[in-house]
Every structure is written in C-alpha cells, then in structure tokens.
Amino acid sequence: MKKTAIIYSFNTKKTAKIAERIKEAFNDDQVEMVNAEDITEEKFLAYDQIIMGVSTWFDGELPNHWDEFVPALEEMDLKGKKIALFGLGDQVGYPENFLDGLGIMAEVLEAQGAELVGFTPVEGYTFERSRARRGDEFLGLAIDYENQGSMNKERVAAWVDQLRKSFN
Amino acid sequence: MAEKKQYSIKHTDKETLARWLKLMLVGRAIDDRAPNYLKQAIGWSYHAPYAGHDGIQLAIGQVFDRENDHLFPYYRDMLTAHSAGITAEELILNGISKDTDVAGGGRHMSNHFAKPEWNIHNTSSCTGNHTQHAAGLARALKKYKFPGVVISSQGESSVSEGYVYEAINGASNERLPVIFVFQDNGYGISVPKADQTANRKVADNFSGFKYLKIYHCNGKDVFDSMNTMAEAKQYVIDHETPVIVQANCIRIHSHSNSDRHELYRDDYELNYVQEYDPLAKFRRLLLRYERFTEEEIEALENEAKEEVKAAHKAAMSAPDPDPDSIHDFVVPEPYISEKYPEGLHQHEGEPKKLIEALNETLKAEFRHNPDTYIWGQDIAYKEKGGIFNVTKGMQQEFGKERVFNAPIAEDYIVGTANGMSRFNDKLRIVVEGAEFADYFWPAMEQLVETSHDYWRTKGQFSPNITIRLASGGYIGGGLYHSQTIEGALTTFPGIRVVYPSYADDAAGLLRTSIRSRGTTLFLEPKALYNAPKTATPIPDDFEVPFGKARIRREGTDLSIITYGNTTPMCVELADQFREEGKAELEVLDLRSLSPLDTEAILRTVKKTGKVLVVHEDKVFGGFGGEVAAWIMEEAFEYLDGPVKRVGSAFTPVGFSRILEKAILPDIKRIESAVSELLKY
Ligand SMILES: Cc1cc2nc3c(=O)[nH]c(=O)nc-3n(C[C@H](O)[C@H](O)[C@H](O)COP(=O)(O)O)c2cc1C
Ligand SMILES: Cc1ncc(C[n+]2csc(CCOP(=O)(O)OP(=O)(O)O)c2C)c(N)n1
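Criteria and cut-off values
Residues numbered from 1 in each chain as written. Chains lettered and ligands numbered in written order. Predicted model: local features only at pLDDT ≥ 70, side-chain atom pairs only at ≥ 80, totals over all residues. Heavy atoms only, no water. Helix = DSSP H or I, 4+ residues; strand = E, 2+ residues; numbered from the N terminus. Rg over C-alpha atoms; globule rule 2.2 N^0.38 Å. Buried < 20%, exposed > 50% of the residue type's maximum accessible area, 1.4 Å probe, protein only. Contact = heavy atoms within 4.5 Å. Areas by Shrake-Rupley, 256 points an atom, 1.4 Å probe, with all protein chains shown as cover. Lys, Arg positive; Asp, Glu negative; His and termini not counted. Charge placed at Lys NZ, Arg CZ, Asp CG, Glu CD. Salt bridge = Lys/Arg side-chain N within 4 Å of Asp/Glu carboxyl O. Polar contact = N/O pair within 3.5 Å; in protein donor to acceptor, adjacent residues only side chain to side chain. Near = heavy atom within 4 Å. 1 Å grid on protein atoms, 1.4 Å probe; cavity = no way out; pocket = protein on both sides within 12 Å on 5 of 7 lines; lining within 4 Å. Sits in = over half its atoms within 2 Å of the grid points. Core = buried A, V, L, I, M, F, W, Y, C linked by side-chain atoms within 4.5 Å. Nonpolar A, V, L, I, M, F, W, Y, C, P; charged D, E, K, R; others polar. Phe/Tyr/Trp six-rings, centres within 6.5 Å; stacked < 30°, edge-to-face > 60°. Lys NZ or Arg CZ within 6 Å of the ring centre and 35° of its normal.

### Some remarks on the overall build of chain A
Then comes step 1: Of regular secondary structure, chain A possesses seven helices and nine strands.
Then comes step 2: For chain A, the C-alpha radius of gyration of 14 Å lies close to 15 Å, the compact-globule estimate for 168 residues.
Then comes step 3: Taken along the three principal axes of its C-alpha coordinates, chain A extends 40 × 35 × 30 Å.
Then comes step 4: Taken across its 168 residues, chain A has 57% of its residues classed as buried.
Then comes step 5: Nonlocal contacts in chain A, meaning residues at least 24 apart in sequence, comprise 77% of its contacts between residues at least 6 apart.
Then comes step 6: Here chain A has roughly 7,100 Å² of accessible surface; of this, 46% comes from carbon and sulfur atoms.
Then comes step 7: Seen as two clouds, the 19 positive and the 31 negative side-chain charges of chain A have centres 5 Å apart.

Right under this line is the structure:
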C-alpha cells in the first residue's frame, strides 16, 4: 500500500481511539498517524492516500481543528488524492445533524478534486438528516460512540477491509 | 450557510481584519472586566457576558448602517453594540448607570446597550418582545419606501414566546424587511434548549412560513457570520422578505452574574466551551494564515487595553443621575388646546351620537395629518368598518396603506404600533387594541413595555399611539364582552387613560389623543355608542385637554364623581332629584382618569362636602378606590360624611340578563347610596 496517513486531532479521545483501531486493522506499519491540530498544506499534500477523522460538533459543525484548515483546503488541488473519512456523531442526541461534519468535509474535498472512498450504508442508523448522507450511503464511516459503541470494532474492521480494496 | 463567501481569512483586506480584531478585543476586555464593577460596588449589577457569541455579534454590528437601518439588540449584545458604533466609554456609562449613558441616563438596566439617536434602540428586558417593534418599524420603512432593514437580535430560547411567533408571522405576511437573529447558545439561563422546542434549531420551526428565508451560521466564526449577515441583508433588500439568521454560539460563562453554571454544566462542557472561544479562534486564524504576526496582534491588544482604560476613567468621572429627575419624562407634554383650554364649549346644533363623533373625528384627523394610521381586527373590509362601525368608510377614503386589518394577535397590534412610531416622531398611530377591551389582555405585555419607553430612554423615544378599546357591559355580552379594565390600566405610569361618556367629550379627547405625543388608552363605553342620551352637539374642531373633568350637573348637596357608562345614569338621577326637589346633586364626569383632575375633585368636595364615587367597574380594586383615597388624604376636612362607592359586584359579568343586572350598577343602586349619604 502507498504511503497512507490517518489525520485526526491528537487532542480528542474518542476520535483518537477509532484512529488507533483503524491503524491496528491495517497492519500498524502501513499507516502514519498525523495530528490535525498542526496540519499544514505541505504535510497534507505529502500523502496520496488519506484517512481523516472528522467528528461533528455544535449541531452540525466541524471541530475547530478542521474548520480552521478549510480555508487552506479550499485552495488546494486535490486531484489524484484518495481520501476516506470517518466521522463520530451522536444519532440520538443530534438526529437532525448526524455526522454533518463528515458531510461538510466531504463537500470541501470533492470540490477540490479529491476522490472520496469508503462509503458505507446508512442501514443500521436512525436519524433525521445528515449532510454526510448521499442516497443510501454515508460518505465515509459513521461511528456513534454514544449509542452504538459496541459496534465500533466490527464497523472499523469491515471498513478497513473495504478500504484495502480502494487504496493501493 | 451563506452561499457567497465575500469574506475569508485569506482574502479579506488587512485593514478590515485589524478593525474587527480591535472591536473584538475591546468588547471582550469590557466583558471580562464588567464583574469587577460589581465586586467594587460601582454598578453593573446585571451583566450577561457575550463571550462565545463574538462572531455573530461582530457581524450584526458590521452590517448595520445607522443612516438607513435600525437595530434592536438584546441584553447580551455588548459586542453587537460596540461593533455598531457604540464606544467603549458609552458601554461603560450604561454598565455603571451614569447620567450620560446614551441609552437612557441609567434609567434602564445595565447591559442594555442602546443609542436611539443612531437607530440602536433601547429594548426591554422582556425577552424577545422587541421582535414586534422590529416588525412595526419595518412596516414604516416599507410604507415610506425607505431603504434599509431592521435587525432584531435575541437568544434562541426566547423564541418560545408567543409574541415572537406573532412578529415573525406578521413580518412574513406583510413581507417586512427584518432580519431576526437568534443567537443560539443552547441555554435559556439553566434550561437546555431541548426543553424549549422539539427542533434543535428553533429557526426550523418557521420553515413552513411563506416569504421567509432561514439562514444558519456559525456564530463563533467571524467569517461565516459576516458572510451570512451580509447575504441575509442583501436577501431582505432584493426579495423584500424577512429572514431569520440562526447563529450557533456557545455561552462560555454563566448566563449572568446571578447564575452559577457549574451547577448544571459538567467539567467536560465547561472545558470545551472555553476551547471554542471565538476570539481565540480568530486570533489563531490570523496567525495561521500569516495575516498578522504575533507582535502585530499584541500591539492591537495593547491598544485595546489602553482604550478600555481611558474609557473606564472617563466613565467613572461622569455624573450620576439626579434623584430629583425621577418625574421627568414619565409622559410627554400633550397637545395644548388654545381654543378649548377647559374642554368646554357652547356649541348648539344637531346632537350627534358617540359613534358618529368617533368616526368623524378619526376622519377629520386623518385628513389633517397624512402620517396617521389605524389598524385593528375587523377594522376594514369592503363595507365593514369595525365591529361597531367606528371606522366605517375610512379605508375607502384613506386607502389600505393607512387603514387596514390586523391579525388576531393583540400583542402584535400594540407591539407594531410601538415599533412603527419609532420611524418618525410625526407619525400618529391609532389602533383598536382589541375587538373588545376584554381581549386586550394578550397585549398587556406590549402595553407595559410601551408605558416606560419614554422614561427609560430619558425622553429619546415617545410611542405616539392612541389605543381605542370598546369597553364595558350593559349589552348582555357576558364574561368576555363586558369587561371594563381601567382599574388595571391606570396602574401604569407613562400612559394616559381617558374614558368619555358623551359624544362631544369623545370627539374632543380623541382629537387631543391623536395630536399628542405619548400613548393614550381611549376607552369607549360601547353601550353608549348609539345612545340618544349621550348624543350632543359637537363643534367641528372640539378639543378636550387631558386631566380636565367636566361638571355635567351643578349641585350643592352631594357630589357624584363618575365616568363612562355610569355618567348618564348619575345625570338622570340628578335631574330626577332636582325635579322631585329632593336634593341638588353635582355630577362630575372625570373624562380623564390618568391624568386625574384633582383640582376639580377638590372643588366639588369643598362645595358639597359629600362624595359618592360611581363607576361600572368592580368596587373592590376599581379606580374609585384611588379617587376615594385621594379625597381622604387631601380633602378630609371638607367632608361631612364618608366617601362612598358604587360599582359592580366582585364577580365576573354573567351572560344571563338577570345575572348581568344583578352584577352591574344601575340607577337604583346609585339612588340608594345617594339617599343614604344625604342623611349625614
Ligand atoms: C456540543 C456537542 C455538539 C454535538 N453535535 C453533534 C451533531 O450535530 N451531530 C452529531 O452527529 N454529533 C454531535 N455531537 C456528538 C459528537 O460528535 C460525539 O460526542 C463524538 O463522539 C465526539 O467525538 P470527539 O470528542 O472525538 O470529537 C455533539 C457533541 C457535543 C458535545
Ligand atoms: C418575558 C421574559 N420572561 C423571562 C425572563 C427571564 N429571563 C431572562 S434571560 C432568560 C433566558 C433567555 O434565553 P435566550 O433567549 O436563549 O437568551 P440567552 O440569555 O441565552 O442569550 C430568561 C428566561 C425575561 N427577561 N423576560
């Protein structure tokens, strides 16, 4: 597999846990962990295959570490990049904005030419609206720690299997 | 979210960014410092910190153009106010209630920032009630084809208030240029927003409204807020419809200095709201995208500190309000009648009924002043002109722009009258406050607010409104078509209450009300609208000044002090007593309850030494108690007997004619009270 990064905020607990699980599921040495808190254009562009951990905050917003990087992303050429997103959200607490952050990020990346991979079915989740939803799929992996934490392990495993096929 | 990105961290010019940062730094320095004033017992005893709302507040102030727009901030809008142009010193003058506070000289609460001179309105503490003023003012902008928009700002929880719904419904229906901003910090004091409404974002409750655009933005982010507010304003102008902007904010601190948020927020939350500080985010962005160096930011921080220090010093040495000034600006000076200083006339001619007097005076005043408006329920549709035909023919003559129906929303009727009159001091607004006085209670909130606008702004704004109310019983109308509510209405300083009985007095008082600045409650005894006994000749230009009672029958043995429906009863009784040679009763028709003609009361007491106060309203808690108490205090030595009262029973007014008769006062009851009192 090509050089692949998992970019997420090292300040998070839950997102970080999932990132670690993903890393484990790939063989540890295949992916690099990159801190979204001090991400730069240069660091980001150094990878052709990227996994991004993007949770949702404040009724449908990106967390600051990503939101503050969006102005940079919006002027990057991401053609040729394969990006997979995983997002944390709470479908019971925030059913109107479930996983919106992942959706916002997906829109930004697509607009810059990135190829998004790793979509997953919406089946198994109950919510009202999600910006991360397109048709019957989420634009990435949906993790709900609060309400479906026990399914994290298998969801991650299945997703990583799927990503292996998309990534090269 | 805004569609266009007019502003961004990478492309907005540096000068603008510096200006924004400076405003944010000054605002925050004062917000952080406000509690110290309280600790040192200097003032600012109400402080609702804005930290966490920085993006949207900066943006509201920045899109506001004081030449054309109007702004209704709420009590958390310190940065909004500063961004709109209110200086650091002015913020502090309000905070510590100084005489030179531009909002109103320390009369209104701290943290209620305003500058009426610049169209930054002095708003009530009653959460969200200024939404109706915003709608009313926008109605004026639209009618006068004035460029500009009205911005109303509030928290998300107060959107639960019914009157906010009324305002937004009205704005949507009338297509009014209003931006309703909801600053959503997730709480109404300690109550999480989930306890207010089912949608997480209350703006979405309004998604079915026609002619209403809803924007959502991140109120913690300067750029998203700026883009959204700029776009929202343009949308209002281009589409001639209102918009809602719901801004996602956080409340970093407690609701106010009287709240302790650690009682209901856990450490996790207390921590993440700190981490999402919008000012820190803006600072990070400026550095990250190399728009500013750390040194440049520090320089601005120092400037801000200096500015606040200087403002503090100046504000501390500003004069305090003068305790002797409390009676200033309670109510504006009324229109002065040159020709009828006592509100009396010798005109002879065809008697006119009370209803004709009202209709003709309204029409005459509408011809006299093109800036007059009237609205209410059922006021004008084709041939109909009000439930009692008081406004008949007005829409035909003055058009739908000036004479129009209102929705069944009494608070909105009064609230928009207040709002519209803010446009210009020349405007004179008449409203039918409710179809019947009985239905005026929903408007009480706006009435109370209106009653203290003039005082609270230290004379900077006077709501110039005449509120007409078809009042009282004797028509078999039951509990909700018989109430006479002056007992409650006269308890408010700042509004006048008049209650004519005869056609000429009604005409004269209505003219004075419409020509005066200030708010007058004009109570109409609807049982007398068509009564021949209160029909009188009326000079075309008749005027009755406020606070001038009228002797309807001269007498020497006993004074009956009365008003409204009971005046003709007392007059009839006086005539009867004279004819029968029983006694000479003097009947004093108060005409005006607030202000009250105490001189006339004193004169009649001195003359007869016996007083019976008669009114339709309940004896207990009725206005007569005030009259009686005044006489006891000021005229006791002239009395030959106790001041007696006749009024209705302390019950609702029953519908059955039998019950109604048993409850409301009549001539017989007045007669027996008179007879008893004459014995002293
Ligand atoms: C204030 C707040 C707002 C949230 N808003 C949303 C939301 O709109 N949609 C959603 O799916 N989850 C929302 N969540 C749930 C978080 O995404 C979830 O707790 C997630 O596990 C956080 O992961 P992190 O701490 O690693 O960022 C919110 C959580 C908080 C505390
Ligand atoms: C009509 C009315 N009811 C209650 C209050 C007491 N009160 C003051 S602030 C407040 C909470 C308002 O919350 P929100 O509208 O969300 O604004 P925030 O203070 O959170 O900015 C309440 C209930 C009031 N001022 N007015």
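Past the structure itself, the notes keep going.
### Details of the pattern of salt bridges
Residue and element names in this part refer to chain B.
Then comes step 1: Following the criterion strictly, the structure yields 65 salt bridges over all chains and no others.
Then comes step 2: In this structure, the salt-bridge partner of aspartate 575 is arginine 553, at a minimum N-O distance of 2.6 Å. With aspartate 575 in helix H18 (residues 567-579) and arginine 553 in strand S14 (residues 550-553), the pair connects residues that are 22 residues apart, well separated along the chain.
Then comes step 3: Since its relative accessible area comes to 26%, aspartate 575 is described here as partly exposed.
Then comes step 4: Ionic contacts of the salt-bridge type, sharing partners, join the residues Asp504, Asp505, Arg550, Arg552 and Arg591 into one network.

### Topic: the environment of aspartate 13 of chain B
Residues and elements named next belong to chain B.
Then comes step 1: Looking at the secondary structure, you find aspartate 13 in the segment before helix H1 (14-39).
Then comes step 2: On the basis of relative accessibility, which here comes to 41%, the residue aspartate 13 falls in the partly exposed class.
Then comes step 3: For the pair formed by aspartate 13 and arginine 291, sequence separation is 278 residues and the distance between their alpha carbons is 9.1 Å.

### With respect to the side chain of arginine 265 of chain B
Residues and elements named next belong to chain B.
Then comes step 1: Considering the arrangement of structural elements, one finds arginine 265 in the loop between strand S7 (243-248) and helix H8 (267-275).
Then comes step 2: Separated by 2.9 Å, the side chain of arginine 265 and the backbone oxygen of arginine 251 make a polar contact.
Then comes step 3: Dropping the residues within four chain positions of it, arginine 265 is found in contact with Tyr187, Arg251, Ile252, His253, Leu270 and Val273.

### Focus on the site of ligand 1
Then comes step 1: Around ligand 1 sit 18 residues, and of these Thr15, Ser55, Thr56, Gly60 and Glu146 of chain A come closest.
Then comes step 2: Lying at an intersection of chains, ligand 1 is approached by residues of chains A and B.
Then comes step 3: Within the contact set of ligand 1, a nitrogen atom lies 3.4 Å away from a backbone nitrogen or oxygen of phenylalanine 58 of chain A.
Then comes step 4: Glutamate 146 of chain A places a side-chain nitrogen or oxygen 2.5 Å from an oxygen atom of ligand 1.
Then comes step 5: Protein chains shield 93% of the accessible area of ligand 1, which is 640 Å² for the free molecule.
Then comes step 6: Of the pockets mapped on this structure, ligand 1 occupies the largest pocket.

### Quick word on the nonpolar core
Then comes step 1: Counting residues in each nonpolar core, the largest one holds 102 residues, and the members touching the most others are Phe44, Met52 and Leu109 of chain A together with Ile151, Met229 and Val245 of chain B.
Then comes step 2: If you tally residues by element for this core, the top one is H1 of chain B, at 11 residues.
Then comes step 3: Setting aside anything within four residues of it in sequence, one finds valine 245 of chain B in contact with Ile56, Ile179, Phe180, Val181, Phe182, Tyr215, Cys217, Thr228, Met229 and Ala232 of chain B.
Then comes step 4: Phe440, Tyr499, Leu521 and Val627 of chain B belong to the second-largest nonpolar core, a separate cluster that totals 73 residues.

### A few points about the site of ligand 2
All names here are of chain B.
Then comes step 1: Taken together, 17 residues are adjacent to ligand 2, and Tyr74, Tyr75, Arg76, Ser125 and Tyr187 come closest.
Then comes step 2: At 2.6 Å, a side-chain N or O of tyrosine 74 approaches an oxygen atom of ligand 2.
Then comes step 3: Protein contacts shield 73% of the accessible area of ligand 2, which totals 580 Å² for the unbound molecule.
Then comes step 4: Grouping the amino acids of the shell around ligand 2 by side-chain chemistry returns six nonpolar, eight polar and three charged.

### Section: the packing of aromatic side chains
Then comes step 1: Counted by the stated rule, this structure contains 42 aromatic pairs over all chains.
Then comes step 2: Considering the side-chain rings of phenylalanine 58 of chain A and tyrosine 272 of chain B, the 5.7 Å spacing of their centres and the 75° angle between planes classify their relative orientation as edge-to-face. Residue phenylalanine 58 of chain A is found in the loop between strand S3 (49-53) and helix H3 (64-67), and its partner tyrosine 272 of chain B is found in helix H8; the two belong to separate chains.
Then comes step 3: An aromatic cluster of three or more residues is present, and its members are Trp57 and Phe58 of chain A together with Tyr268, Tyr272 and Tyr276 of chain B.
Then comes step 4: Over the face of the ring belonging to tryptophan 118 of chain B we find arginine 66 of chain B, whose NZ or CZ atom lies 3.6 Å from the ring centre.

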